[in-house]
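Examination of the molecular architecture
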Amino acid sequence: MKRDSFGSKIGFILAAAGSAIGLGAIWKFPYMAGTNGGGAFVLLFILATLIIGLPILLAEFVIGRRGQADAVTSFQRLSNTKAWAWIGRAGFVFSFIILSFYSVVGGWILTYLWISIKQLVTTATIDYEATFTSMIANPWQAIFAQAIFMVLTILIVSGGIKGGIERASKWMMPALFIFFILLAIRSLSLDGAMEGVRFLLVPDWSAVTWETALMALGQAFFSLSVGVSGMITYASYLSKETNLPQSASSVAGMNIFISLLAGLVIFPAVFALGYSPNEGPGLVFIILPAVFGEIAFGSLFMLLFFVLMLFATLTSSISMLEITVSIAIKKKYARRRRAAILMGIFIFIFGIPSALSFGVLSDFTLAGRTFFDNADYIVNNFGLPLGALFISLFVGYAMSNQATQEELNMSPVLYSIWHATVRYLAPLLIAVILIQKAIEAFL
């Protein structure tokens with residue numbers, strides 16, 4: 001069998017944007033903004049995405065299309081040494097870990113989707129704080145929902161790039177945009193919604209600290225899915241005719257747009273109905289459903305919200321599973337279905353302790369964190385920044401200027417700015433993040 005590829009430029013952009021637009025944009029971004037001063041965090045996040053995140057995203061695109069193979073093989077081909085291939089292997093490990101706990105949250109979303117359907121039919125009153133606490137503490141419910149989510153992910157990846165990932169992205173991503181716009185319009189129509197808009201868009205510089213800036217930079221990495229070689233994997237299925245700078249700009253722009261839309265869905269409604277924006281991770285699963293319960297046609301809008309949450313989560317989960325599958329099969333493309341099933345099963349099993357971290361394993365902690373929290377902490381605080389650091393160094397120092405210029409086909413001025421960013425600025429800022437996180441971890 002020949003190696004699969006994307007059938008169109010728009011298919012690649014939607015798949016890559018889907019990889020980036022997941023829980024980072026819809027779940028994590030709102031509560032990060034809510035607990036870090038609102039508009040100031042948003043502005044820092046946008047700047048970090050454009051100045052640092054976008055150049056590193058483009059660097060992953062360059063490696064992937066130039067290598068025309070899985071991440072491990074691409075690094076080997078482009079450097080003629082096995083040492084750099086460890087970046088690809090690290091991406092395999094970190095994507096494996098991410099999907100193990102990401103699938104747990106995907107299971108929560110499936111459960112809430114089912115609750116939303118029942119709520120629409122019965123119009124019963126629900127205590128969402130008690131519902132959420134009960135859901136994550138119930139071992140069988142958590143594991144079953146996680147398993148269903150992994151089955152959906154496996155089915156899509158098993159279909160290949162064009163027939164599975166691209167096809168799914170082509171209808172899930174447009175639906176996600178449409179649903180989000182409808183929800184934002186409904187949220188903005190509420191009395192008192194403008195207070196939430198001001199919180200999201202008007203910077204309060206008194207709330208900005210050094211830690212806020214670092215968190216915004218970290219959020220830019222997380223929301224763009226850079227650092228785990230996912231974009232390298234997707235770009236390896238691209239034809240030479242695709243314009244990489246335009247594609248990367250489209251992905252980054254869509255990610256910012258959806259993040260802002262998520263804020264415009266959540267914060268106007270939260271402020272209009274008198275809730276606090278700094279509720280943390282429970283903002284989407286506890287506060288927002290309660291908000292929907294107090295507005296006209298709230299049950300319908302809550303159903304739409306969790307449908308788009310499912311779409312966004314799936315488009316990200318399939319990219320993480322694809323990283324592991326592409327490395328597992330190497331050039332034996334006929335083994336895709338078998339590899340997708342086996343890797344999915346392994347990831348599911350590894351994720352069971354995360355699913356049980358809020359119930360039977362809640363007392364099993366390391367450094368004061370549960371298995372779920374440790375998996376999240378290690379990947380987001382060290383895995384993604386380290387991956388982004390070494391990808392920047394690889395493109396900046398190990399790849400030839402001729403190779404990168406051929407892939408990018410940019411003007412000399414823009415190329416010089418991009419190359420200087422990935423060679424000097426990005427590694428410096430990422431190193432600062434890693435040092436700060438290391439200090440926090442050991443103090």
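Residues numbered from 1 in each chain as written. Predicted model: local features only at pLDDT ≥ 70, side-chain atom pairs only at ≥ 80, totals over all residues. Heavy atoms only, no water.

1. Focus on the overall build of the chain
Test applied: Note on conventions: DSSP H or I runs of at least 4 residues are helices, E runs of at least 2 residues are strands, and numbering of each starts at the N terminus. Computation of the radius of gyration draws on C-alpha atoms, with the globule rule given as 2.2 Å multiplied by the number of residues to the power 0.38. Exposed residues in this analysis have more than 50% of their type's maximum accessible area, buried residues have under 20%, and partly exposed residues fall in between, with area computed by a 1.4 Å probe over protein chains only. Note on contacts: a residue pair is in contact if any heavy atoms of the two residues lie within 4.5 Å. The method behind every accessible area is Shrake-Rupley, applied with a 1.4 Å probe, and residues are considered shielded solely by the protein chains displayed.
In terms of helices and strands, the chain carries 18 helices and 0 strands. Compactness check: the chain gives a C-alpha radius of gyration of 21 Å against a globular reference of 22 Å for 443 residues, within 12% of the reference. Along the longest, intermediate and shortest principal axes, the C-alpha atoms of the chain span 60 × 50 × 45 Å. Counting over 443 residues, the chain shows a buried share of 58%. By sequence separation, contacts in the chain at least 24 residues apart represent 82% of the contacts at least 6 residues apart. Within the structure as shown, the chain displays about 17400 Å² of accessible surface, and the carbon and sulfur contribution to it stands at 67%.

2. Quick notes on the pattern of salt bridges
Any two side chains of opposite charge can pair, so long as their charged atoms come close to each other. Put simply, the rule is: Salt bridge, as used here, is a side-chain nitrogen of Lys or Arg placed within 4 Å of a carboxyl oxygen of Asp or Glu.
Inspection of every chain in the model, using the stated rule, returns 6 salt bridges. Between Arg 65 and Glu 407 there is a salt bridge, and its shortest N-O distance comes to 2.7 Å. One end of the pair, Arg 65, is in helix α3 (residues 39–67); the other, Glu 407, is in helix α17 (residues 401–408), and 342 residues separate them in sequence. Across this residue pair, the class does not change: Arg 65 and Glu 407 are buried. Ionic pairing is found between Glu 322 and Arg 336, a salt bridge with its closest N-O pair at 2.8 Å. Taken together, the residues Glu 322 in helix α14 (residues 298–329) and Arg 336 in helix α15 (residues 336–355) connect sequence positions 14 residues apart. The pair formed by Glu 322 and Arg 336 is uniform in burial state, with each residue classed as buried.

3. Topic: the packing of helix α2 (residues 23–35) against helix α10 (residues 210–224)
Stated formally: For helices, the fitted line uses only the C-alpha atoms of the stretch in contact; every axis is such a line through C-alpha atoms, and the angle between N-to-C directions lies from 0 to 180 degrees. Here roughly perpendicular refers to angles of 65 to 115 degrees, roughly parallel to angles under 35, roughly antiparallel to angles over 145, and oblique to all remaining angles. Crossings are sorted by hand: turned counterclockwise from the far helix by less than a right angle, the near helix makes the crossing left-handed, and turned clockwise it makes it right-handed.
Closest axis-to-axis distance for the α2/α10 pair is 10 Å, and the angle between their directions is 165°. Judged on the interaxial angle alone, α10 and α2 are roughly antiparallel. In the packing of α2 onto α10, the handedness of the crossing is right-handed. Contacts between α2 and α10 involve Leu 23, Gly 24, Lys 28, Phe 29 and Met 32 from the first element and Met 215, Gln 219, Phe 222 and Ser 223 from the second.

4. Description of the environment of Gly 227
For Gly 227, the location among the structural elements is in the loop between α10 and α11 (230–235). Exposure remark for Gly 227: the relative accessible area of 4% places this residue in the buried category. Separated by 60 residues in sequence, Gly 227 and Arg 167 have C-alpha atoms that sit 25 Å apart. In contact with Gly 227, other than residues within four places in its own chain, are Glu 60, Gly 383, Leu 384, Gly 387, Ala 388 and Ile 391.

5. Here we look at a nonpolar patch on the surface
Note the cut-off: Patches here: salt-bridge-free residues with over 30% relative accessible area, like charges joined within 9 Å, nonpolar side chains (Val, Leu, Ile, Met, Phe, Trp, Tyr) joined within 5 Å.
On the surface, Leu 43, Leu 47, Leu 50, Ile 51, Trp 205 and Leu 425 cluster together to form a nonpolar patch covering roughly 520 Å² of accessible area. Take the nonpolar patch: its biggest share by element is 4 residues, from α3. Within the fold, Leu 50 resides in helix α3.

6. Some thoughts on the nonpolar core
To be explicit about the condition: Throughout this description, the term nonpolar core refers to a set of buried Ala, Val, Leu, Ile, Met, Phe, Trp, Tyr and Cys residues connected via side-chain atoms within 4.5 Å.
If you look at the biggest cluster of nonpolar residues, it comprises 162 residues, and the most contacted ones within it are Ile 26, Phe 61, Phe 285, Phe 305 and Phe 306. Per-element accounting of this core gives the leading share, 20 residues, to α14. The contacts of Ile 26, once residues within four sequence positions are left out, are Leu 176, Phe 180, Ile 258, Ala 262, Ile 266, Val 284, Phe 305, Leu 308, Met 309 and Ala 312.

7. Details of the packing of aromatic side chains
Put simply, the rule reads: Pairing of aromatic side chains requires ring centres within 6.5 Å, counting the rings of Phe and Tyr and the six-membered ring of Trp. Pairs whose planes differ by under 30 degrees are stacked, by over 60 edge-to-face, and all others tilted. Two limits define a charge over a ring: the Lys NZ or Arg CZ must be within 6 Å of the ring centre, and within 35 degrees of the ring normal.
In the structure shown here, the tally under the stated rule is 26 aromatic pairs. Here Tyr 415 and Trp 418 contribute two aromatic rings whose centre-to-centre distance is 5.7 Å and whose plane-to-plane angle is 45°, an arrangement assigned as tilted. Remark: Trp 418 and Tyr 415 occur in helix α18 (residues 412–442); sequence separation between them is 3 residues, near one turn of the helix. These aromatic residues form a ring-pair network of at least three members: Phe 101, Trp 108, Tyr 112, Phe 132, Phe 285, Phe 305, Phe 306, Phe 358 and Phe 372. We note Arg 89 situated over the ring of Trp 86; from NZ or CZ to the ring centre the distance is 4.6 Å. Positioned above the aromatic ring of Tyr 377 is the side chain of Arg 369, whose terminal nitrogen or guanidinium carbon lies 3.8 Å from the ring centre.

8. A few points about helix α6 (residues 128–137)
In plain terms, the rule: Comment: arc refers to directions from the helix axis out to C-beta atoms.
Of the residues making up α6, those classed as buried are Tyr 128, Phe 132, Met 135 and Ile 136. The buried residues of α6 occupy one face: seen down the axis, they fall within an arc of 85°.

9. As for the confidence of the model for the chain
Applied cut-off: As a per-residue measure, pLDDT tells how confident the predictor is, with possible values from 0 to 100.
Of all residues in the chain, 96% have pLDDT values of 70 or greater, and the mean over the chain is 86. Mean pLDDT across the secondary structure elements of the chain bottoms out at helix α13 (residues 282–292), with 75, and peaks at helix α7 (residues 139–158), with 94.

10. Concerning the side chain of Ser 158
To be explicit about the condition: Pairing of N or O atoms within 3.5 Å defines a polar contact, subject to two protein rules: one partner must be a possible hydrogen donor and the other a possible acceptor, and residues neighboring in sequence count only if both atoms are side-chain atoms.
In this fold, Ser 158 is placed in helix α7. Residue classification places Ser 158 among the buried positions, given a relative accessible area of 9%. At 2.7 Å, the side chain of Ser 158 and the backbone oxygen of Ile 154 are in polar contact. The contacts of Ser 158, once residues within four sequence positions are left out, are Arg 336, Arg 337 and Ala 340.

11. A short note on the environment of Val 379
Structurally, Val 379 is set in helix α16 (residues 371–398). Considering only alpha carbons, one finds Val 379 and Val 228, 151 residues apart in sequence, at a separation of 9.5 Å. For Val 379, the residues in contact, after removing those within four places along its chain, are Phe 94, Ile 97, Ile 98, Leu 384 and Pro 385.

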